[in-house]
Amino acid sequence: MIPVESESTSKEGTKIVYVSKENLFAYMKERKDEGYDILLMVTGIDYKDHLEVVYHLLSTANGNRLIVKTKTDGEVDSMVPLWAGANWHERETWDLVGIKFKGHPNLKRILLAEGWVGHPLRKDYPLDKKQYVNLKENGEDYVSYDPREGY
Amino acid sequence: MEDKVIEVNFGPQHPSTHGVLRIKVKLDGEIIMDAYPVIGYLHRNAEKLSEMGAYPKALIYIDRLDYVASLNNELGYVLSAEKLMDAQVPERAQWIRMMLVELNRIASHLVWLGTHGLDMGMLTPYFYCWRERERILRIFDEITGSRLLYNYFAIGGVYSDITPKAIDMIKEFLADFGSKLEEIQAIFAKNYIYVKRTRDVGKLSLEDALSYGVTGPLLRASGKKWDLRKNQPYLYYDQVNFDIPVRQEGDVYARFQVRIEEMRQSIKIAQQVLSKIPEGEYYNKKFSKPMLVRLKGTGDSYVPTESPKGEYGVYLIGDGSTIPYRVRIRSPSFANLSALPIMLKGYKIADLTATVSSLDPVFGEVDR
């Protein structure tokens, strides 16, 4: 058994466990073997002094749900070897919150244009600075602050 | 000529992409070797926008996620928000919600069925599907005041009561939609070309479906009896009778069969709800309009609901203020679409449109 740091319950009654960053992958592998066959989503939260990654797990065999949280400074292990569906969710978390996933096969931006500056779901993201996207000759995106440069 | 693998762009603007989806397809002759979906063309960051106003204000962005099933989207948000604020909801409001959500499920499936037919080169069923959907939209217009984006479910109830005229309209619709559905189904199922083009196409095994987090009609078409309305009931789904359609094949035709059967079950549910709506308040007086923007929430909550596309829910984190600290939308189309490459590999390029449309992706929800 991999130790958990603390336990609590969410408002609708799902168990929440906090796991240290080092134990995360081993803990999740244990849960996968236990029968949690669906990884519903990966969420990144910016708490200003630290970042947090939240995993929602579901077992279709008995309907159990589990929320796994881990505190991080910006990098955690990727869950793609356990659940293939983690791929897009982790890319989205990197794109919007700026958390890196070690061992991810293709950690690129998914919703925003490649080359975008900053991660919008960070609390210190500058909302007043507009960015304009355009295409280079070779088909890649580039981003500029000048409105004449893109759309 | 020597054998060569070429890369072809499908979309982002193409008549059969259901929105702005771009797929980079690697082709060896006619066979798809690999596919790489590119998304994000409709990205508005609804999650960030929702973090910038009071709790009820997020509803207008939630409406615009899955824009063919807005009420199902609102339901997931208000249920989560109510849990966050420990709000009590009157029984009448819950039953009204349940009925409208089932009607919206039928409307969403009809949109899918019509456009699915278009993708396969069938123009006729499109008009029949739109005719029936129009009747549902008129019912929604009568109840909520708008046809597409309703903003009708409020935290603590619904914004207005249903009128006797609306109940008559619903009764009239439910009475003969079953026979209309039979006709529409026959246009597809008795068409030799349609069946040939969808049987054994775009197969998804159960292991892959679970690994990719695929839910909803796709999971049920791959052989898993999993429906949140039955397995983890919310609202009053435990008080009505209905079945969950399941198919084992996991191909496009199985998804078609599952969705058709789901519409039948929705009629069944709506008919039962109609006879069970109790008299009483339709919203909680504690959450009347001037109070709505002063609602405060603490802790985190995630109430999963079965939307027409799969498991939908909003993960809310409150920090004790009137503004949600973090809003995370679990959209089923996003997870379902991520499994697209394995459904396409090894099939012919002509099967691509059938497979893509069988996922029922709505890009307001994928890109958020």
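Just so it is clear, the structure is predicted and the values come from calculations on it, not from any experiment.

Along its length, chain A carries two helices and nine strands. With respect to the principal axes defined by its C-alpha atoms, chain A has extents near 55 × 30 × 25 Å. By sequence separation, contacts in chain A at least 24 residues apart represent 42% of the contacts at least 6 residues apart.

Of the regular secondary structure elements, chain B holds 16 helices and nine strands. Scaling as 2.2 N^0.38, a compact globule of 368 residues should have a C-alpha radius of gyration of about 21 Å, and chain B matches this with 21 Å. Taking the principal axes of its C-alpha atoms as reference, chain B extends roughly 75 × 45 × 30 Å. A separation of at least 24 residues holds for 72% of the contacts in chain B among residues at least 6 apart in sequence.

The next thing to look at is the interface of chain B and chain A. Accessible area lost during the coming together of the parts is what is often quoted as the interface size. Residue-level contacts link 31 residues of chain B with 24 residues of chain A. Of all the secondary-structure elements, those providing two or more residues to the side of chain B that touches chain A are α1 (46-50), α3 (70-84), α8 (206-211), β6 (298-302), β8 (310-319), β9 (324-330) and α13 (332-338) of chain B. Per-element accounting of the side of chain B that touches chain A gives the leading share, four residues, to β6 of chain B. Considered class by class, the residues forming the side of chain B that touches chain A number eleven nonpolar, ten polar and ten charged.

With that settled, consider the sheet that holds strand β1 (residues 5-10) of chain B. Remark on secondary structure: sheet strands pair via backbone hydrogen bonds, oriented parallel or antiparallel. All names here are of chain B. Sheet architecture is open: three strands sit in the order β1-β2-β3, paired in antiparallel fashion. Among the strands making up the open sheet, the edge pair consists of β1 and β3 (31-38). Looking at each pair of strands side by side, their axes are set apart by 20° on average, direction ignored. Note that strand β2 (residues 22-28) and β3 share seven bridges and pair antiparallel. Bridge pairing in β3 places Lys26 opposite Asp34.

So, about the confidence of the model for chain B. For chain B, the mean per-residue pLDDT works out to 88, and 98% of the residues sit at or above 70. For this predicted complex, the interface score ipTM comes out at 0.87, while the overall pTM is 0.89.

All right, on to the domain arrangement of chain A then. Residues and elements named next belong to chain A. Partitioning chain A into domains gives domain 1 (6-111) and domain 2 (112-151). Between the C-alpha centres of domain 1 and domain 2 the distance comes to 28 Å. Counting residues at the interface gives ten residues for domain 1 and eight residues for domain 2. Of the residues assigned to the side of domain 1 that touches domain 2, the class counts are three nonpolar, two polar and five charged.

Turning our eyes to something else, we now look at the pairing of strand β1 (residues 6-9) of chain A. All names here are of chain A. As judged from the four bridges shared by β1 and strand β2 (residues 15-18), these two strands associate in the antiparallel manner. Residue Ser6 lies in a different strand from β2, and its bridge partner there is Tyr18. The hairpin formed by β1 and β2 contains five residues between the paired strands, and Gly13 there has a positive phi angle of roughly 100°.

All right, on to the pairing of β1 of chain B then. All names here are of chain B. Where burial is concerned, little of β1 is hidden: zero out of the six residues are buried. Taken together, the six bridges between β1 and β2 define a ladder with antiparallel strand orientation. By the bridge assignment for β2, Glu7 is matched with Lys26.

All names here are of chain A. The strand order across the open sheet formed by five strands is β1-β2-β5-β4-β3, and the pairing between neighbours is mixed. Only two strands of the sheet have a single neighbouring strand rather than two, namely β1 and β3 (38-46). For this sheet the average axis-to-axis angle between neighbouring strands, irrespective of direction, equals 20°.

Residue and element names in this part refer to chain B. Between helix α4 (residues 91-119) and helix α5 (residues 124-144), the shortest axis-to-axis distance is 9 Å and the interhelical angle comes to 160°. Comparing their axes, α5 and α4 come out roughly antiparallel. The crossing of α4 and α5 is left-handed. Listed contacts from α5 to Leu103, Ile106, Ala107, Leu110, Val111, Leu113, Gly114, Gly117 and Leu118 of α4 are Pro125, Tyr126, Cys129, Trp130, Glu132, Arg133, Ile136, Leu137 and Ile139. Tallied by class, residues from the contact of α4 with α5 come to 14 nonpolar, two polar and two charged.

Now for the packing of helix α6 (residues 164-189) of chain B against helix α11 (residues 252-276) of chain B. Residue and element names in this part refer to chain B. Running from N to C, α6 and α11 cross one another at 170°; their axes reach a closest spacing of 10 Å. The orientation of α6 with respect to α11, classified from their angle, is roughly antiparallel. When α6 is examined against α11, the residues Ile170, Lys171, Leu174, Phe177, Gly178, Leu181, Gln185 and Phe188 are found in contact with a partner set consisting of Phe256, Ile260, Met263, Arg264, Ile267, Ala270, Gln271 and Leu274. Here the residues of the contact of α6 with α11 are counted per class, giving eleven nonpolar, three polar and two charged.

Residue and element names in this part refer to chain B. One can find Lys225 in the loop between α9 (217-221) and α10 (228-231). Of the residues examined, Lys225 has 13 C-beta atoms within 10 Å and is grouped as partly exposed. C-alpha separation for the pair Lys225 and Ile244, spaced 19 residues apart in sequence, amounts to 7.0 Å. With sequence-adjacent residues up to four places away left out, Lys225 is seen in contact with Ile244 and Val246.

Another aspect to go through is the environment of Ser146 of chain B. Residue and element names in this part refer to chain B. With respect to the secondary-structure elements, Ser146 resides in the loop between α5 and β4 (153-154). For Ser146, a count of 14 C-beta atoms within 10 Å puts it in the partly exposed group. Separated by 89 residues in sequence, Ser146 and Leu235 place their C-alpha atoms 24 Å apart.

Definitions and cut-offs
Residues numbered from 1 in each chain as written. Chains lettered and ligands numbered in written order. Predicted model: local features only at pLDDT ≥ 70, side-chain atom pairs only at ≥ 80, totals over all residues. Helix = DSSP H or I, 4+ residues; strand = E, 2+ residues; numbered from the N terminus. Contact = placed C-beta atoms within 7 Å. Rg over C-alpha atoms; globule rule 2.2 N^0.38 Å. Nonpolar A, V, L, I, M, F, W, Y, C, P; charged D, E, K, R; others polar. Pairing = 2+ DSSP bridges. Axes fitted to C-alpha atoms, helices over the stretch in contact; angles between N-to-C directions. pLDDT = per-residue confidence, 0-100. Domains from an automatic or database assignment. Buried ≥ 20, exposed ≤ 12 C-beta atoms within 10 Å, placed from the backbone. Parallel < 35°, antiparallel > 145°, perpendicular 65-115°, else oblique. Left-handed = near helix turned anticlockwise from the far one by under 90°.

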